[in-house]
Amino acid sequence: MSKTAKSAETIENVEFPSFDASKATDQIRAFAEKGVEQSKEAYAKLKTGAEETQKVLESTYETAKTVSGDLSLKAIAVLRANAEAGFSHLEALVGAKTLSEVVELQTSFLRKRVEMAVEQAKDFQTVASKAVEDVSKPVKTAFEKAIKDVKAA
């Protein structure tokens, strides 16, 4: 057998796979549908996350507004107490008859002012600490939930 005859025989025995366009189309369609479904799921998660974040921010804003009102009222109360103490001291000084009485009134006033300032600072610190805790609580809760969701996924 000649070399040309062998080549012709080999070519006749070889089959080329046929390309079925309908199967390829079905596979592409399935791939595209899967991609669309994944995109819808990602969008739904993103939308839910954005809505939750908006709620947290609104809650935080309302809490901050309330807390700032509490802090303002506390500051006004401190200013009022200081002003009343100053006017009372001035009245006492005007009524003093001797220099020793003035020195005694002044010493007493300064001691009371220091004690009052320490007490006011403690009160203000308590109110401010509660304010920070109240404002940060919604954000902290949302952050913990997000971390929990990430670990679950």
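Relevant structure appears above.
Heads up: these notes are all about the structure in this document.

Criteria and cut-off values
Residues numbered from 1 in each chain as written. Predicted model: local features only at pLDDT ≥ 70, side-chain atom pairs only at ≥ 80, totals over all residues. Heavy atoms only, no water. Helix = DSSP H or I, 4+ residues; strand = E, 2+ residues; numbered from the N terminus. Buried < 20%, exposed > 50% of the residue type's maximum accessible area, 1.4 Å probe, protein only. Contact = heavy atoms within 4.5 Å. Areas by Shrake-Rupley, 256 points an atom, 1.4 Å probe, with all protein chains shown as cover. Patch = residues over 30% accessible without salt bridge, like charges linked within 9 Å, V, L, I, M, F, W, Y side chains within 5 Å. Salt bridge = Lys/Arg side-chain N within 4 Å of Asp/Glu carboxyl O. Expected span 1.5 Å × (residues − 1). Bend = angle between axes of the 7 residues up to and from the residue.

## Considerations on the overall build of the protein
So, step 1. A tally of helices and strands in the protein yields 3 helices and 0 strands.
So, step 2. Starting at the N terminus and ending at the C terminus, the protein contains elements arranged as α-α-α.
So, step 3. Each of the 153 residues in the protein was classed as buried or not, and the buried ones make up 8%.
So, step 4. Sequence separation of at least 24 residues holds for 71% of the intrachain contacts in the protein that already meet a minimum separation of 6.
So, step 5. Total accessible area on the protein stands at roughly 12900 Å², and carbon and sulfur atoms take up 63% of it.

## Quick look at the side chain of His89
So, step 1. Examined against the element boundaries, His89 turns out to sit in helix H2 (residues 21-95).
So, step 2. Classification of His89 as buried rests on a relative accessible area of 10%.
So, step 3. Residues in contact with His89, not counting those within four places in the same chain, are Leu105, Gln106 and Phe109.

## Some words on a nonpolar patch on the surface
So, step 1. A contiguous nonpolar patch, built from Phe87, Leu90 and Val94 and spanning about 350 Å² of accessible area, is present on the exposed surface.
So, step 2. With respect to the secondary-structure elements, Phe87 resides in helix H2.
So, step 3. The exposure class of Phe87 is exposed, given its relative accessible area of 58%.

## Some points on the pattern of salt bridges
So, step 1. Counting across every chain of the model gives 5 salt bridges.
So, step 2. With a closest N to O distance of 3.4 Å, Asp26 and Arg29 form a salt bridge. Here Arg29 and Asp26 lie together in helix H2, a separation of 3 residues that amounts to about one turn.
So, step 3. Accessibility expressed as a relative area gives 46% for Asp26, which makes it partly exposed.
So, step 4. The exposure class assigned to Arg29 is partly exposed, which follows from its relative accessible area of 46%.
So, step 5. Ionic pairing is found between Arg111 and Glu115, a salt bridge with its closest N-O pair at 3.9 Å. Taken together, the positions of Arg111 and Glu115, both in helix H3 (residues 99-152) and 4 residues apart, correspond to about one turn of that helix.
So, step 6. By relative accessible area, which is 46% here, Arg111 ends up partly exposed.

## Some remarks on H3
So, step 1. The end-to-end C-alpha distance of H3 is 77 Å, a good match for the 80 Å that 54 residues give at a rise of 1.5 Å each.
So, step 2. Helix geometry: H3 is bent most strongly at Lys137, by close to 40°, with proline Pro138 lying one to four residues after it.
So, step 3. All buried positions along H3 are accounted for by Phe109, Arg113, Gln120, Ala131 and Pro138.

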